[in-house]
Amino acid sequence: MIDSHAHLNDPAFTDDLEQVILQASEAGVDEIINVGYDLESSSYGIELAERFDRLWAVVGLHPHDAKTWTSQTEDALRKMVKHPKVLAIGETGLDFHYDNSPRNDQREVFRQQLALAREVDLPAVIHSRDAAQETLEIIKEYSDVPCLLHCYSGSFEMAEEYIKLGCYFSFGGPITFKNANRLRNVVARMPLERVLIETDCPYLTPHPHRGKRNEPAYLLYTAEKLAEISGHTLEEIARITEENTRKFFRLVKED
Ligand code: NI
């Protein structure tokens, strides 16, 4: 399996990184895509990808930090995307739930990063919270950039609009939460060929470890729940989501 959205570049993993990667491998999670949220985490993600064969990096500025964007941010990202282990731009998008940055900054920086993705021909990893309609409108302006809606939590009707634009979706720990029937009903209707799985670790720890730090090994719980919801075996889900991840990120299997 591939954890399509992790943050081993987060300080939460400083002390036991190698152990966490080993545990992931023992749980069948052989490859991990670490997603940046600011310049520091993005460049550290690249460093990790250089150190470990089966780690990959996505680089970008989270909507929470959109207000910190300057031309230097763009220049730095432009350098990072040239690295052969950088697979995409992200996470970028809109977060109107926390509004940690002014919405106009979020919109502007989202467009800048999609423009960069278009220019360098990379896909984009999208964070969208309480902003589904506007995220859709902005993605439409860059319809040639393949987009992945990370930790999708919107309605199925909205998902259908994203599907028309060719978007992919990833699901994580929340599909295992006890009170998540609405989300599971959405997942059950999703076309499986557009679905990836992720942990978003150290956040969104799946049941039954909720409350603890999340890590890539726990991807297994999400895979098992997706198998149950979709009526597939765990092996089928592991294979299908891995293929989808490789297709979206243009990640070729090496051995
Ligand atoms: Ni994330």
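Keep in mind that this is a model prediction, so the values were computed, not measured.

A. Fine view of the nonpolar core. Ranked by size, the top nonpolar core spans 70 residues in total, and within it Leu8, Leu114, Tyr152, Tyr162, Phe169 and Phe171 carry the most contacts. Once residues within four sequence positions are removed from consideration, Phe171 is found in contact with Tyr152, Leu183, Val187, Met190, Val195, Leu196, Ile197, Glu198 and Thr222. Residues Trp56, Val58, Leu87 and Val125 belong to the second largest nonpolar core, which totals 14 residues.

B. How the structure looks around the environment of Leu148. Mapped onto the secondary structure, Leu148 falls in strand S6 (residues 147-149). For the pair Leu148 and Thr245, spaced 97 residues apart in the sequence, the C-alpha separation amounts to 9.9 Å. In contact with Leu148, not counting residues within four places along its chain, are Ala124, Val125, Ile126, Tyr168, Phe169, Ser170, Leu196, Phe248 and Phe249.

C. Focus on the sheet that holds S6. Judged by pairing direction, the sheet is parallel, and its eight strands sit side by side in the order S1-S2-S3-S4-S5-S6-S7-S8 without closing on themselves. The outermost strands of the open sheet, each flanked by one partner alone, are strand S1 (2-6) and strand S8 (195-197). With strand direction ignored, the average angle separating the axes of adjacent strands in the sheet is 30 degrees. By the bridge criterion, five bridges tie strand S4 (residues 86-95) to strand S5 (residues 124-129) in an arrangement that is parallel.

D. Region of interest: the coordination of the nickel ion. Around the nickel ion, the protein supplies His5 (NE2), His7 (NE2), Glu91 (OE) and Asp200 (OD) as donor atoms, at distances of 2.2 to 2.3 Å. One can describe the donor arrangement at the nickel ion as irregular, given that its four donor atoms subtend angles of 83 to 173 degrees at the metal. Sequence positions of the donors to the nickel ion reduce to the motif H-x1-H-x83-E-x108-D. In this pair, His7 sits in the loop between S1 and helix H1 (17-26) while Glu91 sits in strand S4, placing the two residues 84 residues apart along the sequence. The burial state of His7 is the same as that of Glu91; both residues are buried.

E. Helix H4 (residues 103-120), seen in detail. Counted at 1.5 Å a residue, the expected span for H4 with its 18 residues is 26 Å, and the 26 Å between its end C-alpha atoms agrees. Among the residues of H4, Gln106, Val109, Phe110, Gln113, Leu114, Leu116 and Ala117 are the ones counted as buried. Mapping the buried residues of H4 onto a view down its axis gives an arc of 155 degrees, with all of them on the same face. Exposed side chains of H4 directed beyond 90 degrees from the buried face belong to Asn104 and Glu119. Buried residues along H4 sit against helix H3 (71-80), S4, S5, helix H5 (132-141) and S6. Once H4 ends, the next one or two residues include Asp121, with phi positive near 60 degrees.

F. Focus on the packing of H5 against helix H6 (residues 156-164). One can describe the packing of H5 onto H6 by two numbers: an axis separation of 10 Å at closest approach and a directional angle of 5 degrees. In terms of orientation, H5 lies roughly parallel with respect to H6. Taken together, the residues of H6 that come into contact with H5 (itself represented by Ala132, Gln133, Thr135, Leu136 and Ile139) are Met158, Glu161 and Tyr162. Residue classes in the contact of H5 with H6 are distributed as five nonpolar, two polar and one charged.

G. Looking closely at the environment of Phe110. Tracing the chain through its elements places Phe110 in helix H4. For Phe110, a relative accessible area of 0% puts it in the buried group. The spacing of Phe110 and Thr245 is 135 residues in sequence and 22 Å in space, taken between C-alpha atoms. Not counting residues within four places of it along the chain, the set of residues in contact with Phe110 comprises Thr92, Gly93, Leu94, Ile126, Thr135, Ile138 and Ile139.

H. Just the side chain of His7, in detail. The exposure class of His7 is buried, given its relative accessible area of 2%. One polar contact links the side chain of His7 to the main-chain carbonyl oxygen of Val35, over a distance of 2.7 Å. The contact partners of His7, leaving out residues within four places of it in the chain, are Phe13, Asn34, Val35, Tyr37, Glu91, Asp200, Cys201, Pro202 and Tyr203.

Analysis parameters
Residues numbered from 1 in each chain as written. Predicted model: local features only at pLDDT ≥ 70, side-chain atom pairs only at ≥ 80, totals over all residues. Heavy atoms only, no water. Core = buried A, V, L, I, M, F, W, Y, C linked by side-chain atoms within 4.5 Å. Buried < 20%, exposed > 50% of the residue type's maximum accessible area, 1.4 Å probe, protein only. Contact = heavy atoms within 4.5 Å. Helix = DSSP H or I, 4+ residues; strand = E, 2+ residues; numbered from the N terminus. Pairing = 2+ DSSP bridges. Axes fitted to C-alpha atoms, helices over the stretch in contact; angles between N-to-C directions. Donors = N, O, S within 2.8 Å, 3.2 Å for Na, K, Ca; no water. Tetrahedral: all angles 85-135°; square planar, octahedral: opposite > 155°, others 65-115°. Expected span 1.5 Å × (residues − 1). Arc of directions from axis to C-beta. Parallel < 35°, antiparallel > 145°, perpendicular 65-115°, else oblique. Nonpolar A, V, L, I, M, F, W, Y, C, P; charged D, E, K, R; others polar. Polar contact = N/O pair within 3.5 Å; in protein donor to acceptor, adjacent residues only side chain to side chain.

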